[in-house]
Amino acid sequence: MSYTFYKLLHLSSLFVILLSLGAIASHRLQGGTKENFKNRKFFSALHGIALLVTFVAGFGLIAKAGYTFQSGWVWGKLAAWLIVGMYPLFFYKKGNTKLPYIILIALLFVTIYLVEYKPF
Ligand code: HEM
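Residues numbered from 1 in each chain as written. Predicted model: local features only at pLDDT ≥ 70, side-chain atom pairs only at ≥ 80, totals over all residues. Heavy atoms only, no water.

Student: Please explain the overall build of the chain as it appears in this structure.
Tutor: Within the chain one finds four helices and zero strands. Based on the C-alpha atoms only, the size of the chain along its principal axes is roughly 45 × 30 × 15 Å. Expressed as a percentage of contacts within the chain between residues at least 6 apart in sequence, the contacts between residues at least 24 apart total 68%. (Helix = DSSP H or I, 4+ residues; strand = E, 2+ residues; numbered from the N terminus. Contact = heavy atoms within 4.5 Å.)

Encoded structure:
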């Protein structure tokens, strides 16, 4: 698989992650709970599968571009991926406040800053 194809998979699966988090978020902001979320299984499955594709494609990109785990930005991205992976739990716990949304926006900003500038 080419570098470009891995990036296609990486970015499109990231959009699916954000879509599923958005669905959970809007349900929570309307006062919905984990228990009365009719489409919970569907969006959890979307989130899980997209998380896996983001991860595998991310490693594909690392291999194709010849990056190594010496680069701190790669670890930063792995940490961001783990946090995004656990985010539905955060939404179900704290989703009726604005905090999780502000943190997610900041996290995504920092993650994309890391991959664009590779500061360390
Ligand atoms: C929340 C998690 C993540 C976000 C938001 C994210 C975002 C992005 C974005 C937007 C790009 C495209 C950059 C560009 O085209 O200029 C990218 C590329 C890349 N990502 Fe991720 N990513 C995430 C997780 C990961 C993970 C877990 C890995 C490694 C396992 C990874 C490895 C890479 C690599 C190697 C590139 C290519 C960088 C380059 O060639 O310049 N990413 N990522």
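Student: It is not clear to me how the packing of aromatic side chains should be interpreted in this structure. Could you clarify?
Tutor: Given two aromatic rings, their pairing is described by the distance between the two centres and the angle made by the two planes. Across all of its chains, the model carries 11 aromatic pairs by this definition. Through successive ring pairs, a cluster of aromatic residues spans Phe55, Phe59, Phe69, Trp75 and Trp81. Here the guanidinium or amino end of lysine 118 rests over the ring plane of tryptophan 73, the centre of that ring lying 5.0 Å away. (Phe/Tyr/Trp six-rings, centres within 6.5 Å; stacked < 30°, edge-to-face > 60°. Lys NZ or Arg CZ within 6 Å of the ring centre and 35° of its normal.)

Student: How do you make sense of helix α2 (residues 40-65) when you look at a structure like this?
Tutor: Because an α-helix completes one turn every 3.6 residues, residues spaced three or four positions apart along the sequence face the same direction. When the terminal C-alpha atoms of α2 are compared, their 37 Å separation across 26 residues agrees well with the 38 Å that a helix rising 1.5 Å per residue should span. Listing the buried residues of α2 in full gives Phe43, His47, Ala50, Leu51, Thr54, Ala57, Gly58, Gly60, Leu61 and Ile62. On the buried face of α2, the contacting elements are α1 (3-29) and α3 (72-94). (Expected span 1.5 Å × (residues − 1). Buried < 20%, exposed > 50% of the residue type's maximum accessible area, 1.4 Å probe, protein only.)

Student: Is there a simple way to explain the coordination of the iron atom of the ligand in this structure?
Tutor: Any two of four tetrahedral donors ideally make an angle of 109.5 degrees at the metal, while pairs among six octahedral donors ideally make 90 or 180 degrees. At the metal site, the iron atom of the ligand is ligated by His10 (NE2) and Lys77 (NZ), and these contacts range over 1.8 to 2.1 Å. Relative to the metal, the six donor atoms surrounding the iron atom of the ligand lie at angles of 80 to 175°, and the coordination shape comes out octahedral. One end of the pair, histidine 10, is in helix α1; the other, lysine 77, is in helix α3, and 67 residues separate them in sequence. A relative accessible area of 21% places lysine 77 in the partly exposed class. (Donors = N, O, S within 2.8 Å, 3.2 Å for Na, K, Ca; no water. Tetrahedral: all angles 85-135°; square planar, octahedral: opposite > 155°, others 65-115°.)

Student: How should I be thinking about the packing of α1 against α2 in this particular structure?
Tutor: Packed helices, taken two at a time, are described by their axes: the angle between them and the distance between them. With their axes 8 Å apart at the nearest point, α1 and α2 run at an angle of 155° to one another. In terms of orientation, α1 and α2 fall into the roughly antiparallel class. Once α1 is placed against α2, the crossing between them reads as left-handed. In terms of residue class, the contact of α1 with α2 is made up of 16 nonpolar, seven polar and two charged. (Axes fitted to C-alpha atoms, helices over the stretch in contact; angles between N-to-C directions. Parallel < 35°, antiparallel > 145°, perpendicular 65-115°, else oblique. Left-handed = near helix turned anticlockwise from the far one by under 90°. Nonpolar A, V, L, I, M, F, W, Y, C, P; charged D, E, K, R; others polar.)

Student: Explanation requested: α1 in the structure shown.
Tutor: The end-to-end C-alpha distance of α1 is 38 Å, a good match for the 39 Å that 27 residues give at a rise of 1.5 Å each. Burial in α1 covers these residues: Tyr6, His10, Ser13, Ile17, Ser20, Leu21, Ala23, Ile24, Ala25, His27 and Arg28. Where the residues of α1 are buried, they touch α2, α3 and α4 (99-117).

Student: What exactly am I supposed to notice about the site of the ligand here?
Tutor: Residues in close proximity to the ligand total 21 residues, the closest being Tyr3, His10, Lys77, Glu116 and Lys118. Histidine 10 is positioned with one of its side-chain polar atoms (N or O) 2.9 Å from a nitrogen atom of the ligand. With respect to the ligand, the side chain of lysine 77 contributes an N or O atom lying 2.4 Å from a nitrogen atom. Within the residue set of the shell around the ligand, elements represented by two or more residues are α1, α2, α3 and α4. Looking at side-chain class alone, the shell around the ligand contains 14 nonpolar, three polar and four charged residues. (Near = heavy atom within 4 Å. Polar contact = N/O pair within 3.5 Å; in protein donor to acceptor, adjacent residues only side chain to side chain.)

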